[in-house]
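For reference, the chains in residue letters:
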Amino acid sequence: MEETDVQRELSHRQLAKCPTGIQGLDEITGGGLPRGRPTLVCGGAGCGKTLLSLEFVVRGAVTYGEPGVFMSFEETSEELAKNVASLGFDLADLEKQKLLALEFVYIERSEIEETGEYDLEGLFIRLGHAIDSVGAKRVVLDTVEALFAGFPNELILRSELRRLFRWLKDKGVTTLITGERGEGTLTRHGIEEYVSDAVLLLDHRVVDQIATRRLRFIKYRGSMHGTDEYPFLIDESGFSILPVTSLGLDHEVTSERVSTGIPRLDGMLGGQGYYRGSSLLISGTAGSGKTSLAAYFADAACRRGERCLYLAFEESQNQIIRNMRSISLDLEPWVKQGLLKFHAARSTLYGLEMHLAMIHKLTNDFQPGTVIMDPITNLPIVASHNEVKSVLMRLVDFFKNRQITVLFTNLTHSGELETTTIGVSSLMDTWLLLLSAESNGERNRLFHLLKSRGMAHSNQMREFIITDQGIDLVDVYLGPGGVFTGAARLQQEAQEKAAALAAQEELERRRRVLDRKRRIMEAQVAALQAEISAEEEELQALKDKSKLQQKIAAGERERLALARKADAPEFNEGE
């Protein structure tokens, strides 16, 4: 069989899916709800059944061009329209466009007189007319409990519900039917889950006074699906569901580096900063400068024209901006330019999974290149350490998959400096440690780069100085007496400067003495040379005088000889 034939056969075997358009739900179900089949949505009061169902119909009409019918047994069309107007759903406009039909069916037991056999034929007729009026592909019945409450003969009603589900399948419409959760059963009457092709359970639980909404597929005939519990949000955009399974370790990596915002720290990281898409952890005791370091990283990201999402769990946006101005760092312009977005909320505002869902939603909406979470040590207030570690693991994978550089700050305590309360250090690519050292009556900050995967980095400790001019990393004094910081370092440096100055002065004094001796020696040599020259001149004069005397004496002898004619032999020969 050819590959195309195999693909067509596999496609034919796969269950047809109807995309819901609800963020996260299609991912869990592998494409949506079973097309042309009924799905039961059950849960307690206030868990979001009606909203989920209505959004399913609205998204289908707006996004996929599939008209829908919403039949309510509890709320009128006007009440539904008002309830969802805050989410941006204009039901009246969709009705005008023939993309939506709203039907309100009022059932009151006191107005019903049972005679003979009872059935839901009237409901079928009304629902069928509504489907045909708009050419509906999607149908919602909210809520089936109203039928049980309105009609006392439960046995007949159960039979009629089976017939209703079969009728909906024959119509080929994708249907959502909502039902109230019962005691020990998914619905109060415990039958709908057995005749539905898919059952979706919504839960709104409160643990330690923290409310969390969760969703779980109990069953899904004919298709693989996520079976875990998934947290979901209901906000101004409607439903947002977050898959909680951690992503696989198959994300792309890059060798691109991003600045820390502090030149000296960039130098400690091979001169270029962090890897883009890496996970960073700044640990430190209270007041050691974790938030200041994170703020500099946010400023560096914005200077690159990159969006930064700052998740603050302890300070408000205005407080962080004000505090950073004290170290010559103004973040407000980046906020106004839309490059920096703060989301400040106490960790106790909602449950851990809701925090996770909110972070996913903010990331999807803002599309940042850098995310800062300050601090993560507040999260164990709303969950156990293992749960927090699991959530942070999923966040790290989520950000790495999107090439987002994420920085976490972590509060440590004395005696537990190189550990994290949550135990997430192994998830981090770069780990920075800020310490507070007390000596000579003062506390000083120290900086240590514990690890940085995939790059050469400094193993030297630095003093971490925060002033009104900003942040600086300076070398500590290391000598025979140990490591000195703060005033002790300044004092030691002053002593060293004084000693160096004294040594320089002594060197200058010795040079001057040597120069003086050299000049004296040179003068003495010059004097001796002059004396020698004088004696040489005197000696030469004596030599010249002696030669002159010898010349004069020779002349006198010659003159005397002539006088005596001693030198005239011709006269002697002529005689």
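Note: the structure precedes this text.
Attention in this report is confined to the structure presented alongside it.

Remarks on the packing of aromatic side chains
In step 1: Under the definition given, this model contains seven aromatic pairs.
In step 2: Here Phe217 and Tyr220 contribute two aromatic rings whose centre-to-centre distance is 5.8 Å and whose plane-to-plane angle is 45 degrees, an arrangement assigned as tilted. Per residue, the accessibility class of Phe217 equals that of Tyr220, and both read buried.
In step 3: Look at Phe398 and Phe399: their rings are 5.5 Å apart centre to centre, the planes differ by 55 degrees, and that puts the pair in the tilted class. Considered together, Phe398 and Phe399 belong to a single accessibility category, that of buried residues.
In step 4: The side chain of Arg257 reaches across the aromatic face of Tyr275, ending 4.8 Å from its centre.
In step 5: One Lys or Arg, Arg307, reaches over the ring of Phe366 and ends 5.3 Å from the middle of that ring.

Regarding the packing of helix α14 (residues 352–366) against helix α15 (residues 385–401)
In step 1: Two elements in contact, α14 and α15, have axes separated by 10 Å at closest approach and are oriented at 15 degrees. Compared by their axis directions, α14 and α15 come out roughly parallel. Of the two possible hands of crossing, α14 and α15 adopt the one that is right-handed. For the pair α14 and α15, contact is made by Leu352, Glu353, Leu356, Ile359, His360, Thr363 and Asn364 and by Glu387, Val388, Val391, Arg394, Leu395, Phe398 and Phe399, respectively.

Considering the nonpolar core
In step 1: In this structure, Leu265, Leu293, Leu331, Leu340 and Phe447 are the most contacted members of the largest nonpolar core, which totals 39 residues.
In step 2: Ranked by residues supplied to this core, first place goes to helix α11 (residues 290–303) with eight residues.
In step 3: The residues touching Leu293, leaving out its near neighbours within four places in the chain, are Ile262, Leu265, Ile282, Leu432, Leu434, Phe447, Phe464 and Ile471.
In step 4: Residues Phe89, Leu94, Leu102 and Ile241 belong to the second largest nonpolar core, which totals 37 residues.

Basis of the calculations
- Residues numbered from 1 in each chain as written.
- Predicted model: local features only at pLDDT ≥ 70, side-chain atom pairs only at ≥ 80, totals over all residues.
- Heavy atoms only, no water.
- Phe/Tyr/Trp six-rings, centres within 6.5 Å; stacked < 30°, edge-to-face > 60°.
- Buried < 20%, exposed > 50% of the residue type's maximum accessible area, 1.4 Å probe, protein only.
- Lys NZ or Arg CZ within 6 Å of the ring centre and 35° of its normal.
- Axes fitted to C-alpha atoms, helices over the stretch in contact; angles between N-to-C directions.
- Helix = DSSP H or I, 4+ residues; strand = E, 2+ residues; numbered from the N terminus.
- Parallel < 35°, antiparallel > 145°, perpendicular 65-115°, else oblique.
- Left-handed = near helix turned anticlockwise from the far one by under 90°.
- Contact = heavy atoms within 4.5 Å.
- Core = buried A, V, L, I, M, F, W, Y, C linked by side-chain atoms within 4.5 Å.

Just geometry here; none of it tells us what the structure is for.
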